[in-house]
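# Structural overview
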Amino acid sequence: MTQRAVGPSGDEPNRSSVPSGTDRPVMIDAGSELDPVHPVGLPAPGGGRGLTAAEVAERIARGEVNDVPVRSSRSVREIVRANVFTRFNLIIGVLWVIMLFVAPIQDSLFGFVIIANTGIGIVQEWRAKKTLDSLAVIGEAKPTVRRDGVAAEISTSEIVLGDLVELGPGDKVVVDGTVAEADSLEIDESLLTGEADPVLKRAGDPVMSGSFVVAGGGAFAATKVGREAYAAQLAEEASRFTLVQSELRSGISTILKYVTWMMIPTAIGLILSQLVVKDHNFKDSVARTVGGIVPMIPEGLVLLTSVAFAIGVVRLGRKQCLVQELPAIEGLARVDVVCLDKTGTLTEGGMDVTEVRALNGTDEPYLRRVLAAFGASDPRPNASLQAIIDAYPVPDGEGWRVTQALPFSSARKYSGAAFEEAQGQPSGWLLGAPDVLLPEDDPALTEIEQLNQQGLRVLLLAWVDGPLDDPATATGADPSALIVLEQRLRPDAGETLAYFADQRVATKVISGDNAVSVGAVAAKLGLPGAEHTMDARKLPTDPDAMATAMEENTVFGRVTPQQKREMVAALQSRGHTVAMTGDGVNDVLALKDADIGVSMGSGSEATRAVAQIVLLNNSFATLPSVVAEGRRVIGNITRVATLFLTKTVYSVLLAVLVVCFQVEYPFLPRHLTLLSTLTIGIPAFFLALAPNKERAHPHFVRRVMRYAVPSGTIAAVATFATYLIARHVYTGPGSLDAETSAATLTLFLVSMWVLAIIARPYTWWRICLVAAMGVAFLIVLVVPWLQNFFALKLVGAQMPWTAVGIAVIASAALEYAWRLVSRHFPV
């Protein structure tokens, strides 16, 4: 070792010789040229004083200002247009207008679904727009700009051309510029170039808006502002309200598309059979034709999906959870792996120093002064260094001068500082991960391993001789002390982990800290499999081998930002749907690539920009609410969609049978509106809002149609059989109304049995719901004015009981068909 820190006498190179009572003044020179990131409101160091007030005014007058309005969402006009002009509204709207002219109002009730569905969609998106617009203002980056030698935070829109903008870890580069000052400044440009490795920036190097600082500090001069800067485009794209693709929405859209194509030949056939063949009254023929077409459209399914999503967003909003993209609710419901960062997720941001263990005979009072000086050397300390600052404040009026500083980097796993001590002698220090700074055979690692197994975090303070940013310097570090830190566990983290375990969602803890230490923290919180830890430096680079390691282990330590991204990709390659949580800039790449990115509200600007879900209250405990809400929506919509599509199938088949047999269409729109309301609409609303913890499964259309097709076929055949028998039983005036009533009774009973199957497993409220629908239909049959309103009246005893008998046979066929489908056609 060529030079060591010395005591006041300057004659002994061993720090253990420093008298315990010797004072070493600690004085951090705030004006040092190595301290470019300066506290807000204080005079900035010489040289780079920034623009003067007159120069700023001159540039504002010339319009050289970064004043670009950022649209965080669609305009109200776009929202209205997108929700009004839809395929669903077009189909139902045309039929509604026709019915308003040719039939009583009770045959036009189906049209009011348009108003409800459109209104809910507009209000839902408008609420999201208001939330996002307010978040864009609240969460707007506030860059620190140096003017007239004074550093102050200003709005991004107030930056002018030539402004000197200061940078620190986590800061986002808001406009394009050229580096003026740099102190180990590392910038991540992955959001622009796709390159994951941070770029070391020196004076004169360009910086691009949209990138962000991962280590070090500095300042840059703005060279492009306003619409010339890429920041405006990035910010708009990152925060825009988007209705991204979701299986649920695309599935319903696919169903509507096929229904539209089926309607065309069916409608033509109905019109010809009702107008030409039977030569009926025009208005009555049109009404019955529309009555055959309208039930083909699952209009209630579209409405119910909108209601379910709207209620989900409102519920999550009350829990301080902002859903930036609505289908993220659905996406998180499909997640089977959640990747968590320990810091800020399982643990709170703060730490406490519990012990300092001197190594190699280093003098403890001297260590305390080193730690005090080290803490004061970094104007933007991380949580670990802040704990040291709290435990070892700088004595008043004493100080060491900082001659070099190396900010912490998640890639390096250590930070550094060099000082000129009180007597003028130099010393250099590194503070970071022991397993990075120490050789593998160092005996201190055994002691550190024991501490890590207790869930404690350990940092190594090492004396070095040489440039701090030279990797060779770290290789020759001389261990001086172990700093033992205790992390503060989040009180709700244990319950959250237990929830995911109960829901069969695998939890992977991915951290930059020591794997054993992280595993101990996870074990304290009761995470299943916490004992399966792995050092990420030993992870295989082959994607398939990495995926195997990810599936076999639960806790990963010493993970680099690029590895987080590779881990997500490895899990996705095995068919897993992955959610990633994070709040730091080192999480951005993984958040962006994960199926669902979840950011803390207090996280960096970059993480909030790429996440689909933002936890405004910074509580990981909110996440189960999002999962539960998504599962409730997806599981219940999948369940009740069978009701709606059963109606679509039997409506198409009834229309085809009517055309083939050349008979009058048995139903008016009011009949099917009544049936849809009692057997689908009202019960589906309650079933869709019921608790549902079942994990969402893929293949929405296939899962629904495998039950809807046999159910609809059985309902159509039974109803048409009743109708044909009734045509032979009833004759004379009013026979069509009697035939319709008998067919309606059969269709209602068969549809009720479908509802009874869907409602399983039974609870008291589900039994009451099904019973209430039956009672409601009975009331319609016995109350005279309701009979007249819906044109329903059972005549005689023979045909009604025949209709009941046919419905019983059809219900038995339904039970058999459902069991057959479940056994032979699993999804």
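For the structure itself, consult the block above.
Residues numbered from 1 in each chain as written. Predicted model: local features only at pLDDT ≥ 70, side-chain atom pairs only at ≥ 80, totals over all residues. Heavy atoms only, no water.

## Some details on the overall build of the protein
Looking only at helices and strands, one finds 28 helices and 21 strands in the protein. Sequence-distant contacts in the protein: of pairs separated by 6 or more residues, those separated by 24 or more amount to 73%. Surface exposure of the protein reaches about 33,500 Å², of which carbon and sulfur atoms provide 59%. (Helix = DSSP H or I, 4+ residues; strand = E, 2+ residues; numbered from the N terminus. Contact = heavy atoms within 4.5 Å. Areas by Shrake-Rupley, 256 points an atom, 1.4 Å probe, with all protein chains shown as cover.)

## With respect to a nonpolar patch on the surface
Residues Val76, Val80, Val84, Phe85 and Trp126 make up a contiguous nonpolar surface patch of roughly 460 Å² in combined accessible area. The element contributing the most residues to the nonpolar patch is helix H2 (residues 76–84), with three residues. If you trace the backbone, Trp126 turns up in helix H4 (residues 112–138). (Patch = residues over 30% accessible without salt bridge, like charges linked within 9 Å, V, L, I, M, F, W, Y side chains within 5 Å. Salt bridge = Lys/Arg side-chain N within 4 Å of Asp/Glu carboxyl O.)

## With respect to the pairing of strand S16 (residues 506–510)
Summarising burial for S16: four of the five residues are buried, a large majority. Across four bridges, strand S9 (residues 337–340) lies against S16 in parallel orientation. Directly across from Val338, in S16, lies its bridge partner Thr507. Alignment of S16 against strand S18 (residues 555–557), held across two bridges, turns out to be parallel. Within the sheet, the bridge partner assigned to Ile510 lies in S18 and is Phe556. (Buried < 20%, exposed > 50% of the residue type's maximum accessible area, 1.4 Å probe, protein only. Pairing = 2+ DSSP bridges.)

## Let's talk about the nonpolar core
Judged by nonpolar contacts, the single largest core of 123 residues is most densely connected at Leu332, Ile613, Ile637 and Phe777. Take this core: its biggest share by element is 16 residues, from helix H22 (residues 623–661). Beyond its immediate stretch of four places on either side in the chain, Ile613 contacts Cys321, Leu322, Ala328, Leu332, Ile596, Gly597, Val598, Ser599 and Val626. (Core = buried A, V, L, I, M, F, W, Y, C linked by side-chain atoms within 4.5 Å.)

## Section: unusual backbone geometry
Going from Arg760 to Pro761, the amide bond is cis rather than trans, its omega being -5°. Notably, Arg504 is not glycine yet its phi reads approximately 60°, a positive angle. The residue Arg504 is located in the loop between helix H16 (493–502) and S16 in this model. Note on Arg504: relative accessible area 60%, which makes it exposed. The phi angle at Arg558 is positive, at roughly 55°, despite the residue not being glycine. Secondary-structure assignment places Arg558 in the loop between S18 and helix H19 (561–573).

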